[in-house]
Amino acid sequence: MSTSSSSSNRPPSRRSVHGVPTKCWCGKGLVIWASETKENPFRRFYRCEVALQRKSECHLFKWEDEAILDEVRMLDAKVMDLVHDFHSLSKTVIEQLDSHKTCLLQLEGELRSLMANSVDEATRQMKEDIDAVLSSNITTTHLCDNGGAYNFAAAVAIVGAIAFIYWKLF
Ligand SMILES: [Zn+2]
């Protein structure tokens, strides 16, 4: 930090600079000086070295405390922007999640309906198949009883009866 008595009055600024300045309008780097005026004793400010030598020229001037206050305000504005963006993003994400949830619930309902229909159809088909098999077995058993064992037993009985008659007669 340097001290200067030549900056007793704040020169008119050519244009406003937001935040902490890094360079003068002339392209030179800035130095922090301390004011020696009665109005602003020891108050620090940014100024290039050229400005102190060529007082008639218009060079950047900014109080350090105002520059820092600017930075804080700019950061506050950025934080507010980020908070706003965050709330917008949260709202969008929540809306999209709700939309997806609704779609998923619809799909779940459709899947449940499809599965129930498939199970009903499979059950009905299986029942028909079982009924058909049972019906076929009953018919087969009935035919076997009448046509197989029953006919054989009848034939044996007839042959036995004939043999008994022959044995009694002769
Ligand atoms: Zn300058």
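Rules used in this analysis
- All chains use their own residue numbering, which begins from 1 and follows the written sequence.
- Per-residue local features are limited, in this predicted model, to residues with pLDDT of at least 70; the limit for side-chain atom pairs, both in listing and counting, is 80 or more; totals at the level of whole chains, interfaces and linings are taken over all residues.
- Put simply, DSSP marks the helices as runs of H or I at least four residues long and the strands as runs of E at least two long, and each gets a number from the N terminus on.
- With C-beta atoms placed from the backbone, the exposure class of a residue follows from how many other C-beta atoms lie within 10 Å of its own: 20 or more, buried; 12 or fewer, exposed; in between, partly exposed.
- By the convention adopted here, residues are in contact when the distance between their C-beta atoms, placed from the backbone, does not exceed 7 Å.
- Between any two strands, pairing holds if DSSP finds at least two bridges.
- Scored between 0 and 100, pLDDT is the confidence that the predictor attaches to each residue.

(A) Here's a closer look at the overall build of the protein chain. Of the regular secondary structure elements, the protein chain holds two helices and four strands. Ordered by position from the N terminus, the helices and strands of the protein chain form the series β-β-β-α-β-α. Considering the protein chain as a whole, with its 170 residues, one finds that 8% of them fall into the buried category. When contacts within the protein chain are restricted to residue pairs at least 6 apart in sequence, long-range pairs at least 24 apart make up 53% of them.

(B) Spatial organisation of the pairing of strand 3 (residues 41-47). The sheet contact formed by strand 2 (residues 31-36) and strand 3 spans five bridges and is antiparallel. When the bridges of strand 3 are listed, Val31 appears paired with Arg47. Taken together, strand 2 and the strand that follows it, strand 3, pair antiparallel across an intervening segment of four residues. Relative to strand 4 (residues 62-63), strand 3 is paired through two bridges, and the arrangement is antiparallel. Opposite Tyr46, over in strand 4, you have Lys62 as the bridge partner.

(C) Representation of the confidence of the model for the protein chain within the structure. Averaged over all residues, the pLDDT of the protein chain equals 85, while 84% of them reach at least 70. Across residues 5-9 the pLDDT falls below 50, and counting only partners more than four positions away or on other chains, this stretch makes eight contacts in the model.

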